[in-house]
Amino acid sequence: MNEQSSSDGTVGKALSLLDKVAAYERPVRFSELLAESDLPKATLYRLLQTLVSQRMLTSDARSQGYSLGPRLIRLAHAAWRRASLAPVARHHLDALSAVTGETIHLAQLDNAQVLYVDKRNATRPIPMFSDAGKIGPAYCTGIGKAILAFLDETERERAIAQQSFYRHTPYSLTDAQALRTQLETVRVTGIAHDREEHEPQIICIATPILDASSRPLGGISVTSSTTRTSLDALGRFRDDLRATAAAIARDFAMFSLLDTGSPDRGAV
């Protein structure tokens, strides 16, 4: 093995290890990582120590666990600000939040799952899973289905194949064909729903944010609870939701153009 491939292998192992630690929402013990890993014990320990020394992970002596470190979080935040819709969408989310009084989510697709990149809480906040930076399932969230529906067929089928179809609630979709059927409807109406499919009592309407070629950049949703409203009642915000998605797409296109520069930028 040459030096380059050896280096790539080490980096790959380190990144895989960071993924494993990130999957836990608590400090993870060495023994747990060892049970999941195919790395020798000594190699795993050495990688963990290196990641801790580089502040990509932190080690808590009291819990004897590893968590994501400040350097990794800072890098992730910098990448998020540059790559996500959040900076462009911020004032549009504020405006939609003021109109609806409900929870507003902005999300993008990450490895066929939903990555929440921004959120506005309702006037009367509702406890729920989603927060900026969290990853949720695409097949049983309105915002996930809104994005999946507008992927091209090859990408859509690949993403469907990566869904777990775990039954989170009695209303969760549990097979690929049921999801495909819903996505066909979403492609026609432009609106997706969460009918208490991910969390009990949590409902939403969602729509994709599409670029000029109708490819999804992400999605936006208005979310509430069955304890105070219904999907039919949320439906009155459809036009506001669509208008907000279109405005975000328009601003993102302008932002991207200004950020990269036109082909003849700087020409005399």
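The coordinates are above.
Everything numeric here is computed off the predicted structure, so don't read it as measured data.

Trainee: Please clarify how the sheet that holds strand E3 (residues 65–68) should be interpreted in this entry.
Mentor: One key point about sheets: their strands pair by backbone hydrogen bonds, in either a parallel or an antiparallel sense. Strand order across the open sheet formed by three strands is E1-E3-E2, with antiparallel pairing between neighbours. Two strands close off the open sheet at either side, each with one partner strand: strand E1 (28–29) and strand E2 (57–60). Pairing analysis gives four bridges linking E2 to E3, with the strands arranged antiparallel. When the sheet's bridge partners are listed, Thr58 is paired in E3 with Ser67. With respect to the sheet, helix H3 (residues 41–53) is in contact with E2 and E3, its orientation differing from that of E2 by roughly 105°.

Trainee: Before we go on, may I ask you to explain helix H5 (residues 86–100) in this structure?
Mentor: Residues spaced three or four apart along an α-helix point in a common direction, a consequence of the helix completing one turn every 3.6 residues. Of all the bends in H5, the largest measures some 30° and sits at His92. Residues of H5 that are buried include every one of Ala86, Val88, Ala89, His92, Leu93, Leu96, Ser97 and Thr100, and no others. At the C-terminal side of H5, Gly101 shows a positive phi close to 70°.

Trainee: Please clarify how the packing of helix H6 (residues 142–149) against helix H8 (residues 176–189) should be interpreted in this entry.
Mentor: Any two packed helices are characterised by how steeply their axes cross, that is the angle between the axes, and by the distance between the axes. The interhelical angle for the contact between H6 and H8, taken along N-to-C directions, is 75°, at an axis separation of 9 Å. Comparing the axis directions of H6 and H8 gives the class roughly perpendicular. Between H6, through Lys145, Ala146, Leu148 and Ala149, and H8, the contact on the second element is made entirely by Leu179, Gln182, Leu183, Val186 and Arg187. Taken together, the residues of the contact of H6 with H8 sort by class into six nonpolar, one polar and two charged.

Definitions and cut-offs
Residues numbered from 1 in each chain as written. Predicted model: local features only at pLDDT ≥ 70, side-chain atom pairs only at ≥ 80, totals over all residues. Heavy atoms only, no water. Pairing = 2+ DSSP bridges. Helix = DSSP H or I, 4+ residues; strand = E, 2+ residues; numbered from the N terminus. Contact = heavy atoms within 4.5 Å. Axes fitted to C-alpha atoms, helices over the stretch in contact; angles between N-to-C directions. Bend = angle between axes of the 7 residues up to and from the residue. Buried < 20%, exposed > 50% of the residue type's maximum accessible area, 1.4 Å probe, protein only. Parallel < 35°, antiparallel > 145°, perpendicular 65-115°, else oblique. Nonpolar A, V, L, I, M, F, W, Y, C, P; charged D, E, K, R; others polar.

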